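Coordinate analysis (summary)
Spelled out, the chains give:
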Amino acid sequence: MDNGMDNMLDMYLFETNSLLEQLDELLIEAEKAGDFTVDDVNEIFRIMHTIKGSSAMMEFSSLMQIAHRIEDLFFFIRENGLDSLDSSHKSTLFDLMFRSTDMLRAEVSKVENNEPLSDNVDHLTQEINSFLKKISDDSPTAAVEKNHSDHSSPKEAAQPAPVVSTPVSATSLDEIRLDVAECPEDLAAFFLRIFFDEGCGMENLRAFMLISALKESGLEFGYYPSDVETNSQSSGTIIEKGFFLTFQTREEADSAISQINNMNNIRSYELIENPRAKAAPSTEKKNAAAVSAPSAGESTPAISSPAPGNAHQMPSKQNLISVNLAKLDNLVAIVGEIVITESMVTSSPDIQNLKNLDSFLKATRQLRKLTDDLQDIVMSLRMVPVSGVFQKMNRIVRDMKQKLKKDVRLTIIGENTEVDKSIVDSIGDPIMHIVRNSMDHGIEETAEERIAAGKDPQGELTLSASHTTNEVIITISDDGKGVNPAGVLAKAKKNGILTKPESEYSQKEILNLLLAPGFSTNEVVTEFSGRGVGMDVVKKNVENIGGTISISSELGKGMCTTLKIPLTMAIVDGMEISVGKSVFTIPIANIRQSFKVKNEEVIYDTEGNEIVRCMNQFYPIIRIHRLYNIETEITSIEDGILVWVESGDKSYCLFVDELLGEQQVVVKPLPVFLNSFNIKDSGISGCTILGDGSISIILDVLNLYAASQNQYY
């Protein structure tokens, strides 16, 4: 596939996935309300119309067929109004739409994975057609029309078969398409609606160049907006509604299409037949046509009514462009190199020897300010809200509510909290596992159980996100049964994963057993849980992005799982420390305190390991010079300094020579050839380049503790 097709495919996938997410949210909100609104119907129609057109352009037949059938279904609903649906119809329609979006999403996933699409989607399209036939037969309008046709044309009434394939007349269908596309008032036989690439700019001039190219080929046509050459404001209209060409014959339209296919910056086009041209072949008969074709007159408000809504949406469309994530990654890497180079230049010993440094230092301070601003802006480009992940949980909760027969509401707080794009992509699965666990065996089985416990019959599941200085805290809580510590201990003992007597386990340690591999409190394997796979994977995925997970619970009150996740993994606020001649970086997020101690304050356990008391708790001391075999003159506990660090469920003290100061560092991955040495298991997560050009190792606080234990045992 060439680069042009790759770009088209990327744009198609981005647009289609965005539309399907939008559709999912719309359906969930509509189902909660118990009904569709007129705006919902119009929006679903537009979404399906767009997916149908773009899928047809990309020759994805299965996606096009499903979207086309749903589009026809909502044509009928738009034309006949929501009153044509009774409560049973609406319930069936919700289920049908959710299954249709699942099928569309599955087909899009196949495109993403370069897998062949389904050859046959007739089972779904036939079901949509059957539902369309049912509501068209049951609607009052259909009954009136049928009664009228019985009196006026018995022969036509005796042929009901076409209703299955064409529930709405072709002319009516074309008129609805005409209105939805917001075609201009013109009696031309055909409209060609063209959209230019998003963000290409100067749409009015591109439209004028297109007009000039087509006129050179001798084609005769009209166009809207008509002032593209002189009015730059027409670009907004073209972005919102498209650029329209009008033709009197199909041959002229096809000739124009063949030329447009070879032009650049054309995102999509659509040929729309104008039924009003047939109803009014001349201007003299225009009034008569309005009388004889009332549907055209009735649909006139539909042309203007959507305009205010679209006008409100226009600024966001004009101000947003989609950028390939790889380009952002490269930009972040380059800015990181600029920051490092700037630091190396300003701290160069050659420059320090210059006599007149005042003007140079002033310039470097300004350069530092500009590079800091540039770094902040570049990092903000990668920041996206967690709302995308949170909103997907609505669908999970909705489906599980129906299958488990539980009444649960999902409350979302802080969905506009922003984190790095790569981190957002990584937290979706962990949050999904936790939500499924809460739904399956967190919330009580029946409303009677909840009432007996003095709770609201409807359970509540809360997703919350908030910022701290350098991390995002995400909590998933429920007001269900909570965790029974005795049950967890008993199951852990049965599975043989206890490492000390049961009586010595604290509440926190008992709850952490839930994160052990293969552990599940469910006795019966269900569709959602009980296999012992899930929470350990959640813990691993969260730790892979530098985060931590903790669980709190109160029996009978509910359970809360807290994820602490860094805002970004590209830049870290770190504390530089020295051990001998080596320099290490400890992430500030992992440091609780640094302090000096005297020899008599250090005690020893039965194994001879050093322990220090801090805030009425005892913590092990890990000497970095011993762990990494580094030569240093500072070996006495009184000469160095202790840094109290914490990550996950591990808390201990590091013994170092001295603290060099806090610094924001750009994280560099370790060279690939070091992977064979399992260096990450030694408590090293990466490295960074300091201002003087030397390398500082970034310590992984969680793995460093495990590495020290392996050394001692």
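All residue numbers refer to positions counted from 1 along the written sequence of the respective chain. For a predicted model such as this one, the threshold for reporting local features is a pLDDT of at least 70, and the threshold for listing and counting side-chain atom pairs is 80 or more; totals across whole chains, interfaces and linings nevertheless cover every residue. Only hydrogens and water are set aside when side-chain values are computed; all heavy atoms of the structure are taken into account.

Quick word on the overall build of the chain
Check the secondary structure of the chain and you find 28 helices and 22 strands. Partly exposed residues are those whose accessible area sits between 20% and 50% of the maximum for their type, while under 20% is buried and over 50% is exposed, using a 1.4 Å probe and protein chains only. Of all 713 residues assigned to the chain, the portion counted as buried reaches 43%. What sets the accessible areas is the Shrake-Rupley method with a 1.4 Å probe; for residues, cover comes only from the shown protein chains. Entry remark: accessible area of the chain is about 37200 Å², with carbon and sulfur atoms responsible for 52%. Numbering of helices and strands starts at the N terminus; helices are DSSP runs of H or I of at least 4 residues and strands are runs of E of at least 2.

Structural notes on the packing of helix α3 (residues 61-80) against helix α4 (residues 87-112)
Each axis is a line fitted through C-alpha atoms, taken for helices only over the stretch in contact, and angles between the N-to-C directions span 0 to 180 degrees. Where α3 contacts α4, the two axes come as close as 10 Å, and the packing angle between them is 155°. One element, α3, and the other, α4, form an angle in the roughly antiparallel class. Of the two possible hands of crossing, α3 and α4 adopt the one that is left-handed. Contacts between α3 and α4 pair S62, L63, I66, I70, L73, F74 and I77 from the former with L93, M97, S100, M103, L104, E107, V108 and V111 from the latter. Its residues assigned to classes, the contact of α3 with α4 shows 12 nonpolar, two polar and one charged. These descriptions rest on fixed angle ranges, namely under 35 degrees for roughly parallel, over 145 for roughly antiparallel, 65 to 115 for roughly perpendicular, and the rest for oblique. Take the far helix as your reference; a near helix turned counterclockwise from it by less than a right angle gives a left-handed crossing, and one turned clockwise gives a right-handed crossing. In this analysis, two residues are considered to be in contact whenever any of their non-hydrogen atoms come within 4.5 Å of each other. The residue classification treats Ala, Val, Leu, Ile, Met, Phe, Trp, Tyr, Cys and Pro as nonpolar and Asp, Glu, Lys and Arg as charged. All others, Gly included, are polar.

Some points on a nonpolar patch on the surface
Patches here are clusters of residues that have more than 30% relative accessible area and form no salt bridge, with a 9 Å joining cutoff for like charges and a 5 Å cutoff for nonpolar side chains (Val, Leu, Ile, Met, Phe, Trp, Tyr). What counts as a salt bridge is simple: a side-chain nitrogen of Lys or Arg found within 4 Å of a carboxyl oxygen of Asp or Glu. A cluster of nonpolar side chains, contributed by L331, I377 and L381, occupies part of the molecular surface with about 260 Å² of accessible area. Mapping L331 onto the fold places it in helix α18 (residues 325-346). For L331, a relative accessible area of 33% puts it in the partly exposed group.

Details of unusual backbone geometry
Both trends apply: most residues other than glycine have a negative phi, and most peptide bonds are in trans. The amide bond that connects Y224 to the next residue, P225, takes the cis arrangement and shows omega of -5°. For E59, which is not a glycine, the phi torsion comes out positive at approximately 65°. Summarising the element assignment, E59 is placed in the loop between α2 (38-57) and α3. The backbone of N114 shows a phi angle near 60°, a positive value even though the residue is not glycine. Of note, N114 is situated in the loop between α4 and α5 (122-138).

Quick word on the packing of aromatic side chains
Centres within 6.5 Å make a pair out of two Phe, Tyr or Trp rings, where for Trp the six-membered ring is used; the pair is then stacked when the planes are under 30 degrees apart, edge-to-face when over 60, and tilted otherwise. Inspection of every chain in the model, using the stated rule, returns 10 aromatic pairs. Seen from their ring centres, Y619 and W644 are 4.9 Å apart, and the 45° between their planes marks the pair as tilted. Of this pair, Y619 sits in strand β17 (residues 617-623) while W644 sits in strand β18 (residues 641-647), and the two are 25 residues apart along the sequence. The class of W644 is buried, set by a relative accessible area of 1%. By the ring-pair criterion, three or more aromatic residues cluster together here, those being F36, F74 and F94. Two limits define a charge over a ring: the Lys NZ or Arg CZ must be within 6 Å of the ring centre, and within 35 degrees of the ring normal. A cation over an aromatic ring shows up here: R78 above the ring of F45, its NZ or CZ 5.5 Å from the ring centre. Sitting above the plane of the Y505 ring, K500 keeps its charged end 5.2 Å from the centroid.

With respect to the sheet that holds strand β19 (residues 650-656)
Through backbone hydrogen bonds, the strands of a sheet pair up, either in parallel or in antiparallel fashion. A pair of strands counts as paired when DSSP detects no fewer than two bridges linking them. Reading across the sheet, the six strands line up as β14-β18-β19-β17-β16-β15 and stay open at both edges, with mixed pairing between neighbours. In this open sheet, the two edge strands, each paired with only one partner strand, are β14 (591-595) and β15 (602-604). For this sheet the average axis-to-axis angle between neighbouring strands, irrespective of direction, equals 35°. Pairing geometry for β17 and β19, over three bridges, is parallel.

Some remarks on the sheet that holds strand β12 (residues 571-579)
Strand order in the open sheet formed by five strands is β20-β12-β13-β22-β21, with mixed pairing between adjacent strands. One side of each edge strand has no neighbouring strand; the edge strands of this open sheet are β20 (658-666) and β21 (684-689). Sheet twist, expressed as the mean angle between neighbouring strand axes with direction ignored, is 35°. Here β12 pairs with β20 via eight bridges, running antiparallel.

Quick notes on the pairing of strand β16 (residues 610-614)
Taken across its five residues, β16 has four buried, putting it largely inside the fold. Once β15 ends, the chain turns through five residues before running back antiparallel as β16, passing G608 with a positive phi of about 90°. The pairing of β16 with β17 spans four bridges and is classified as antiparallel. Looking at β17, one finds that C614 is bridged to Q617. The turn joining β16 and β17, which pair antiparallel and follow one another in sequence, is formed by two residues; a positive phi near 50° is taken by M615.

With respect to helix α21 (residues 387-404)
Multiplying 1.5 Å by the helix residue count minus one yields the expected span of that helix. Compared with the 26 Å implied by 1.5 Å per residue over 18 residues, the 26 Å span of α21 between its first and last C-alpha is a close match. Turning to α21, its buried residues number three or more, namely S387, V389, F390, Q391, M393, N394, R395, I396, V397, R398 and M400. Following α21 by one or two positions, K405 has its phi on the positive side, about 55°.

Let's talk about the side chain of R623
The residue R623 is located in strand β17 in this model. The class of R623 is buried, set by a relative accessible area of 6%. Separated by 2.6 Å, the side chain of R623 and the backbone oxygen of T635 make a polar contact. Sequence-distant contacts of R623, defined by excluding residues within four places in its chain, comprise E610, T635, I637 and F655. Two N or O atoms form a polar contact when they lie within 3.5 Å of each other; inside protein one atom must be a possible hydrogen donor and the other a possible acceptor, and for residues adjacent in sequence the pair counts only when both atoms belong to side chains.

Regarding the packing of α4 against α21
Direction vectors running N to C along α4 and α21 enclose 125°, while the axes themselves pass 13 Å from each other. By the angle class used here, α4 and α21 are oblique. The crossing of α4 and α21 is left-handed. Residue-level inspection shows D95, F98, T101 and D102 of α4 in contact with α21, the latter providing R395, R398 and Q402. Residue composition of the contact of α4 with α21, by class: one nonpolar, two polar and four charged.

So, the pattern of salt bridges
Within the structure shown, the criterion is met by 32 salt bridges. For D72, the salt bridge is made with R69, and the minimal N-O distance between the two is 2.8 Å. Separated by three residues within a single helix, D72 and R69 lie in helix α3, roughly one turn from each other. Relative accessible area serves as the criterion here: at 9%, D72 is assigned to the buried category.

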